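These are the residues of each chain, in order.
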2 protein chains.
Amino acid sequence: MSLPHAILTALLEKPSSGLELTRRFDKSIGYFWSATHQQIYRELGKLEQAGHIRALPAPVPVRGQRKEYEVLPAGRAELGTWVARTEDPKPMRAALLLRMRAAAVVGASGLRAELTRHLALHQEQLDEYLAIETRDFPSERRHSEPDRLRHLVLRGGIEMERFWVEWLTGALAELGTE
Amino acid sequence: MSLPHAILTALLEKPSSGLELTRRFDKSIGYFWSATHQQIYRELGKLEQAGHIRALPAPVPVRGQRKEYEVLPAGRAELGTWVARTEDPKPMRAALLLRMRAAAVVGASGLRAELTRHLALHQEQLDEYLAIETRDFPSERRHSEPDRLRHLVLRGGIEMERFWVEWLTGALAELGTE
DNA sequence: GAATCTTCTGCAACTAGTTGCACAAAGGGA
DNA sequence: TCCCTTTGTGCAACTAGTTGCAGAAGATTC
């Protein structure tokens, strides 16, 4: 049940409409919790129902009209308790590792191309994260607590991508010696 | 659509019944593609329907009787084409990173405990992987291709857990300086 | 030989996420 | 003025994964 909390976080950072949220989920929060516009609209409905957010009053409430949402105190409280909630880590799901395991059984032909492609994608993502880091967290300054936390999150993304880049590089080298 | 292929891989490694598969998914393949017994039974049904596997003939086919499955040539072929299939990496889903991002907005109280707990869990998993590595892949020997691929998969798991251990350690240190 | 525990299979109903499409309104052109 | 694209919201139907429960068969124990 993370999506509603992802949305609450995003809305606290800045009140937004559904489509705006969707766009922001394509970067930033969406880097580690992605969602389609469909999920977001549905969840906004539920959150409003639950009294966690409300639509800012619009002149004419009709279908197809943009609706901006803001977080209500109840929503902020909910997010607060969720942050401290206990939840076991979900076992990872790595389709590529599964594929390689299958390749060990039926042969690795054709796998190289896919590994190469993924390596490029992960390298690209890594570069993007690094660019964000130099832009948003220039080294020397003293940062506020929220900024330090956000930086930690970004570091997580960076190291995760670095892991993939390194693993894929190693795997390709290993496959190359056939 | 990875689960059917995970099952095909497991069955090729060794024909099994539903419950045996479930147990094997609790380790080994399940380390990076977990599944409940429910998913597995359902998927076995579909795979049999599709002619990819078959139940070994049992004397009395009744409910509650164990059924052992083996992969048919069509199933092996399907797995072969799947290995080489192109599929974009799914964006990662890291609830902990999301939580930390939320903490940046509503305050990090209570987060420390959860981070500490996760650190212990990931450390434990890492140790388990390392134990498997020393048991199954003693360093000096020349390994066959399938073994080298399986080792690569295991290395993936190891480095992934190491990533979490390091990130969590760093995060705790950073939070500690408050 | 009856009670009960374990093993194994499975149905049903749920939550979460995805895909395809529809419809309204606004802003440009031609 | 009419068409067309863009922006924004949303329904419906799907796939994937989870949870709760139940029932048959065999082993165990009293």
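Residues numbered from 1 in each chain as written. Chains lettered and ligands numbered in written order. Predicted model: local features only at pLDDT ≥ 70, side-chain atom pairs only at ≥ 80, totals over all residues. Heavy atoms only, no water.

## Brief notes about the overall build of chain A
1) Next: Across its full length, chain A carries seven helices and three strands.
2) Next: Beginning at the N terminus, the succession of helices and strands in chain A can be written as α-β-α-α-β-β-α-α-α-α.
3) Next: Its C-alpha radius of gyration of 21 Å places chain A more than 25% over the 16 Å reference for a compact globule of 178 residues.
4) Next: Referenced to the eigenvectors of the C-alpha coordinate spread, the extents of chain A come out at roughly 65 × 45 × 35 Å.
5) Next: Within chain A, the fraction of its 178 residues that count as buried is 44%.
6) Next: Nonlocal contacts in chain A, meaning residues at least 24 apart in sequence, comprise 56% of its contacts between residues at least 6 apart.
7) Next: Summing over all exposed atoms, chain A offers an accessible surface of approximately 9200 Å²; the carbon and sulfur share of this is 55%. (Helix = DSSP H or I, 4+ residues; strand = E, 2+ residues; numbered from the N terminus. Rg over C-alpha atoms; globule rule 2.2 N^0.38 Å. Buried < 20%, exposed > 50% of the residue type's maximum accessible area, 1.4 Å probe, protein only. Contact = heavy atoms within 4.5 Å. Areas by Shrake-Rupley, 256 points an atom, 1.4 Å probe, with all protein chains shown as cover.)

## Examining the relation of the copies chain A and chain B
1) Next: Rotating chain A by 180° and translating it 0.0 Å along the rotation axis places it on chain B, where the RMSD comes to 0.0 Å. In short, the pair behaves as if placed about a two-fold rotation axis.
2) Next: Most of the interface of chain A is mirrored in chain B, where 100% of its interface residues are also at the interface. (Least-squares fit on C-alpha atoms with pLDDT ≥ 70 in both.)

## Some words on the side chain of Ser2(A)
1) Next: Relative to the assigned elements, Ser2(A) resides in the segment before helix H1 (3-13).
2) Next: Those residues within four positions of Ser2(A) in sequence are excluded, and the remaining contacts are Trp33(A), Trp82(A), Ala95(B) and Leu98(B).

## Quick look at the sheet that holds strand S2 (residues 53-55) of chain B
All names here are of chain B.
1) Next: Sheet architecture is open: three strands sit in the order S1-S3-S2, paired in antiparallel fashion. Each edge of the open sheet carries a strand with a single partner, namely strand S1 (16-17) and S2.
2) Next: Here two bridges tie S1 to strand S3 (residues 68-71), and the two strands are oriented antiparallel to one another. Bridge assignment links serine 17 to a residue of S3, and that residue is glutamate 68.
3) Next: Along the sheet, helix H3 (residues 37-49) makes contact with S2 and S3, crossing S2 at roughly 105°. (Pairing = 2+ DSSP bridges. Axes fitted to C-alpha atoms, helices over the stretch in contact; angles between N-to-C directions.)

## What about the protein's contact with DNA strand C?
1) Next: What surrounds DNA strand C is a group of 20 residues, the closest being Arg42(A), Leu19(B), Gln38(B), Tyr41(B) and Arg93(B).
2) Next: Near-protein atoms of DNA strand C (within 4 Å) split between backbone and bases, with sugar and phosphate holding 52%.
3) Next: The contact in question runs from a phosphate oxygen of DNA strand C to an N or O atom on the side chain of Arg93(B), over 2.6 Å.
4) Next: Taken together, the residues of the surface near DNA strand C break down into four nonpolar, nine polar and seven charged. (Near = heavy atom within 4 Å. Polar contact = N/O pair within 3.5 Å; in protein donor to acceptor, adjacent residues only side chain to side chain. Nonpolar A, V, L, I, M, F, W, Y, C, P; charged D, E, K, R; others polar.)

## Overview of helix H6 (residues 111-136) of chain A
1) Next: Helix length check: H6(A), at 26 residues, gives a terminal C-alpha distance of 37 Å against a target of 38 Å (1.5 Å per residue), a fit within 8%.
2) Next: Listed in full, the buried residues belonging to H6(A) are Leu111(A), Glu114(A), Leu115(A), His118(A), Leu119(A), His122(A), Leu126(A), Tyr129(A), Ile132(A) and Glu133(A).
3) Next: Tucked inside the fold, the buried residues of H6(A) contact helix H5 (95-106) and helix H7 (145-176) of chain A together with helix H4 (73-83) of chain B. (Expected span 1.5 Å × (residues − 1).)

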